[in-house]
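For reference, the chains in residue letters:
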Amino acid sequence: MEPSASSNPAQGQPTKDQRRTGPAFLFDLDGTLVDSVYQHVLAWREALEAAGIELSVWRIHRRIGMSGGLLVNALLRETGRSLTAEEMARIGRLHIEAYVQRISQVRPLPGARELLARLSQAAVPWAIATSGRNESARPALATLNLPAGVPIITRDQVQHAKPDPDLFLEAARRLDVAISDAVVVGDSVWDMLAARRARALGVGLLSGGYGEEELERAGAYRVYQDPADLLEHLDEVGFRS
């Protein structure tokens, strides 16, 4: 389900005894660590059009960050259409296929690798929790050159995806930290809502296309441009080197 992990803590996450005081960090993936939101939007449009559903890309973008099933249901509500379970599953498969065809366009966001490296160097525990399924998340994760042992939680591993808190709760459990001691970093209002429901501190990034006021209204404590901007201001969210 997730990349193989080494038992050597020097190669990946710190052991509990090595952890410093301060929060753990739980990261969303698309739009937070990798620049992939618009590839997902276009892939969803292609999948929906194959089912005879035509929507402007901005309407699709407003739902990115939800699980695929919730996203499609929300868009269908806007169009007045209904689909069978088989048709919904087919759209999900078509989305993954269309996204994988665009994966060569996906890059880490500015500062993403450096931010994760800084946390690892400081023995701060961190994990990645994404509403994407393993099949679509794996190629994007590969662009980050992650160290062994990093917990990766995908949609396949929890009962409900965002805006439910399950992904972040599972990430905190894997790190063996209290969710109240975690900072959730995400780019969408759905990330911030899930963080609030989990009772974690939410930090928003503008790199997924949502506005600063939207993220703050959804519960973001601070909002930064991208991972590079967050790296420059880690002290504002409780990080101590």
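As the structure is a computational prediction, the values presented were derived from the model and not from experiment.

Cut-off values and rules
Residues numbered from 1 in each chain as written. Predicted model: local features only at pLDDT ≥ 70, side-chain atom pairs only at ≥ 80, totals over all residues. Heavy atoms only, no water. Buried < 20%, exposed > 50% of the residue type's maximum accessible area, 1.4 Å probe, protein only. Helix = DSSP H or I, 4+ residues; strand = E, 2+ residues; numbered from the N terminus. Pairing = 2+ DSSP bridges. Core = buried A, V, L, I, M, F, W, Y, C linked by side-chain atoms within 4.5 Å. Contact = heavy atoms within 4.5 Å. Phe/Tyr/Trp six-rings, centres within 6.5 Å; stacked < 30°, edge-to-face > 60°.

(A) Looking closely at the pairing of strand β6 (residues 182–186). Across the five residues that make up β6, a large majority, five, are buried. What you see with β6 is no split at all: A182, V184 and G186 on one side and V183 and V185 on the other are buried throughout. Taken together, the four bridges between strand β1 (residues 24–27) and β6 define a ladder with parallel strand orientation. In the sheet register, A24 faces β6, and the bridge partner there is A182.

(B) Layout of the nonpolar core. The biggest cluster of nonpolar side chains holds 33 residues, and the ones touching the most others in it are F25, F27, L29, I128 and L230. Among the elements that take part in this core, helix α5 (residues 112–121) stands out by supplying four residues, more than any other. Not counting the four nearest positions on each side in its chain, L230 is found in contact with L115, V185, V203, L205, Y224 and V237. Core analysis: the second largest hydrophobic core is formed by 24 residues, V37, M66, L215 and V223 among them.

(C) Representation of unusual backbone geometry. Here K162 and P163 are connected by a cis peptide whose omega angle stands at 15°. Positionally, P163 belongs in the loop between β5 (152–153) and α7 (166–175). Despite not being glycine, A123 has its phi angle at roughly 60°, a positive value. With respect to the secondary-structure elements, A123 resides in the loop between α5 and β4 (126–129). On the accessibility criterion, A123 (15% relative accessible area) is buried. The backbone of N145 shows a phi angle near 50°, a positive value even though the residue is not glycine. Counting through the fold element by element, N145 comes out in the loop between α6 (134–142) and β5.

(D) Structural context of the packing of aromatic side chains. The final tally for this structure, using the stated rule, is two aromatic pairs. Measuring from ring centre to ring centre gives 6.1 Å for F25 and F27, while their planes differ by 20°; the resulting arrangement is stacked. Like F25, the residue F27 is buried in the burial classification. Between F27 and W126, the aromatic rings sit 6.4 Å apart at their centres with planes inclined by 80°, giving edge-to-face as the arrangement. With F27 in strand β1 and W126 in strand β4, this residue pair connects regions lying 99 residues apart in the sequence. As far as burial versus exposure is concerned, F27 and W126 are alike and both buried.

Everything listed is a geometric property; what it means functionally is a separate question.
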